[in-house]
Amino acid sequence: MQPLPLNLDLDALRSYVVGMECGNFALAAQRLCRSTSAVSAQLKKLEQQCGTALVARSGRHLIPTPQGELLLGYGKRLLDLNDETVRALKGELLQGEIRLGVQEDFGESLLPTVLGPFCRLHPGLRMTTRIDRNGPLTKGIREGSLDMALTWQPQDEGMDARLIDLVPLQWIAHPDWELTPLLARGEPLPLVVFDAPCLMRSRATRALDEAGIPWRIAFTSQSLGGIWAAL
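Within each chain, residues carry numbers counting from 1 in the order of the written sequence. Side-chain atom pairs in this predicted model are given and counted only at pLDDT of 80 or more, local residue features only at pLDDT of at least 70, and totals for whole chains, interfaces and linings cover all residues. Water and hydrogen atoms play no part in the side-chain values, which are based on all heavy atoms of the structure.

## Some words on helix H8 (residues 199-211)
Moving on, step 1. For H8, with 13 residues, the first-to-last C-alpha span of 18 Å sits near the 18 Å given by 1.5 Å per residue.
Moving on, step 2. Partly exposed residues are those whose accessible area sits between 20% and 50% of the maximum for their type, while under 20% is buried and over 50% is exposed, using a 1.4 Å probe and protein chains only. Helical segments are the DSSP runs of H or I of at least four residues, strand segments are the runs of E of at least two, and each set is numbered from the N terminus. Among the residues of H8, Ala-204, Thr-205 and Leu-208 are the ones counted as buried. For H8, the angular spread of the buried residues around the axis is 90 degrees, confining them to a single face.
Moving on, step 3. Looking at the buried positions of H8, the neighbouring elements they touch are strand S6 (189-194) and strand S7 (215-221).
Moving on, step 4. Note on H8: the residue one or two positions beyond its end, Gly-212, has a positive phi of about 70 degrees. Under the convention used throughout, the expected extent of a helix is 1.5 Å for every residue step, that is, one less than its residue count. Read the arc as the range of directions from the helix axis to the C-beta atoms. Residues count as neighbours in contact if any of their non-hydrogen atoms are within 4.5 Å of one another.

## Structural notes on unusual backbone geometry
Moving on, step 1. In this structure, Cys-33 takes a positive phi of about 60 degrees despite not being glycine.
Moving on, step 2. Mapped onto the secondary structure, Cys-33 falls in the loop between helix H2 (25-32) and helix H3 (36-50).

## Considerations on the sheet that holds strand S3 (residues 96-103)
Moving on, step 1. Read across the open sheet, the 3 strands follow the order S4-S3-S5; overall the sheet is parallel. In the strand order of this sheet, the two ends are held by strand S4 (125-132) and strand S5 (148-150), each with one partner. With direction set aside, neighbouring strand axes in the sheet form an average angle of 20 degrees.
Moving on, step 2. For two strands to count as paired, DSSP must find a minimum of two bridges between them. Pairing analysis gives 3 bridges linking S3 to S5, with the strands arranged parallel. Following the sheet pairing, Leu-100 is matched in S5 by Met-148. Axis definition: a line fit to C-alpha positions, over the contact stretch in the case of helices; interaxial angles, taken between N-to-C directions, run 0 to 180 degrees.

## Focus on the packing of helix H1 (residues 10-22) against H3
Helix packing for two helices is described by the angle between their axes and how far apart those axes are.
Moving on, step 1. Contact pair H1 / H3: the axes reach a minimum separation of 8 Å and the direction vectors enclose 110 degrees. The orientation of H1 relative to H3 falls into the category roughly perpendicular. Seen along the crossing, H1 lies across H3 with a hand that is left-handed. In this structure, H1 uses Asp-11, Ala-12, Leu-13, Ser-15 and Tyr-16 to contact H3, whose residues at the interface are Val-39, Gln-42, Leu-43 and Leu-46.
Moving on, step 2. When residue character is reported, Ala, Val, Leu, Ile, Met, Phe, Trp, Tyr, Cys and Pro are called nonpolar, Asp, Glu, Lys and Arg charged, and the others, Gly included, polar. Classifying every residue of the contact of H1 with H3 by side-chain character gives 6 nonpolar, 2 polar and 1 charged. For this classification, under 35 degrees means roughly parallel, over 145 means roughly antiparallel, 65 to 115 means roughly perpendicular, and everything else is oblique. Whether a crossing is left-handed or right-handed is set by the direction in which the near helix is turned from the far one by less than a right angle, anticlockwise for left-handed and clockwise for right-handed.

## Some words on helix H6 (residues 134-143)
Moving on, step 1. Regarding H6, the residues found buried are Asn-134, Leu-137, Thr-138, Gly-140 and Ile-141. Projection of H6 onto a plane perpendicular to its axis shows the buried side chains occupying an angular sector of 150 degrees, all on one side. Of the exposed residues in H6, those oriented more than 90 degrees away from the buried face are Arg-142 and Glu-143.
Moving on, step 2. Where the residues of H6 are buried, they touch S3, S4, S5 and H8.
Moving on, step 3. Positioned one or two residues after H6, Gly-144 has a phi angle of 85 degrees, which is positive.

## Here's the deal with the pairing of S6
Moving on, step 1. Across 6 bridges, S6 lies against S7 in parallel orientation. Paired with Leu-189 across the two strands is Trp-215, which belongs to S7.
Moving on, step 2. Following the backbone out of S6, through H8 and into the adjacent parallel S7, one traces a crossover that is right-handed. With the strands pointing away from the viewer, any crossover whose connection runs clockwise from the first strand over the helix to the second is right-handed.

## Side note on the nonpolar core
Moving on, step 1. If you look at the biggest cluster of nonpolar residues, it comprises 18 residues, and the most contacted ones within it are Tyr-16, Met-20, Phe-25, Leu-46, Leu-54, Val-55 and Leu-71.
Moving on, step 2. Of all the secondary structure elements, the ones that give two or more residues to this core are H1, H2, H3 and helix H4 (66-89).
Moving on, step 3. In terms of residue count, the dominant contributor to this core is H1 (6 residues).
Moving on, step 4. Ignoring sequence-local partners within four residues, the contact set of Leu-71 consists of Leu-8, Leu-13, Tyr-16, Leu-46, Cys-50 and Leu-54.
Moving on, step 5. By nonpolar core we mean a set of buried residues, namely Ala, Val, Leu, Ile, Met, Phe, Trp, Tyr and Cys, connected to one another through side-chain atoms within 4.5 Å. Of all hydrophobic cores here, the second largest spans 6 residues; its members include Leu-100, Val-102, Leu-125 and Met-127.

This is the structure we're talking about:
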């Protein structure tokens, strides 16, 4: 008779995956609402089931062994399927249609890393995503052609929509570039910006004017790819 296949403990597997994502099992214990000793015991149990070490130490950080890295990939898929099964049995899978608007700035990173797994997790949900500039997206929210949008919020201006969350703006520069020597020489700050009209362009130049920092437009582009290339 063929021996029965080994059934991995999903609770122990979840502790392992969360521990690797957090970088240590103390943080994993907090996220899982368990004691650190309980999570450590689950790791030992999982290593015994797999018959190999899954974790190695690199300085103060924990890293997966080659076998642990292999398990990490399979483990995430097993847990995703487990969680999807539980939600389906409880009737919690989303259904219907949602229309989402996204800035080009976020499309490249957001679509594959967030929306892809979300759609696979909720196969009954039909998602329509539109990548556009700020004006058309805010217009879509106002007119009801979009349900949600990730947009630039005009300063001191409402959108007649329910705000979900805010992320602060950041200045971005080449890592080797420094502002102080440039200003010491009396040279204006070179800016890489989108073609006008552009909310980010207006916000940037207004902030520089209010701070008394001279500036000049060094490069303009209609696409995000052009902006990154210039930087």
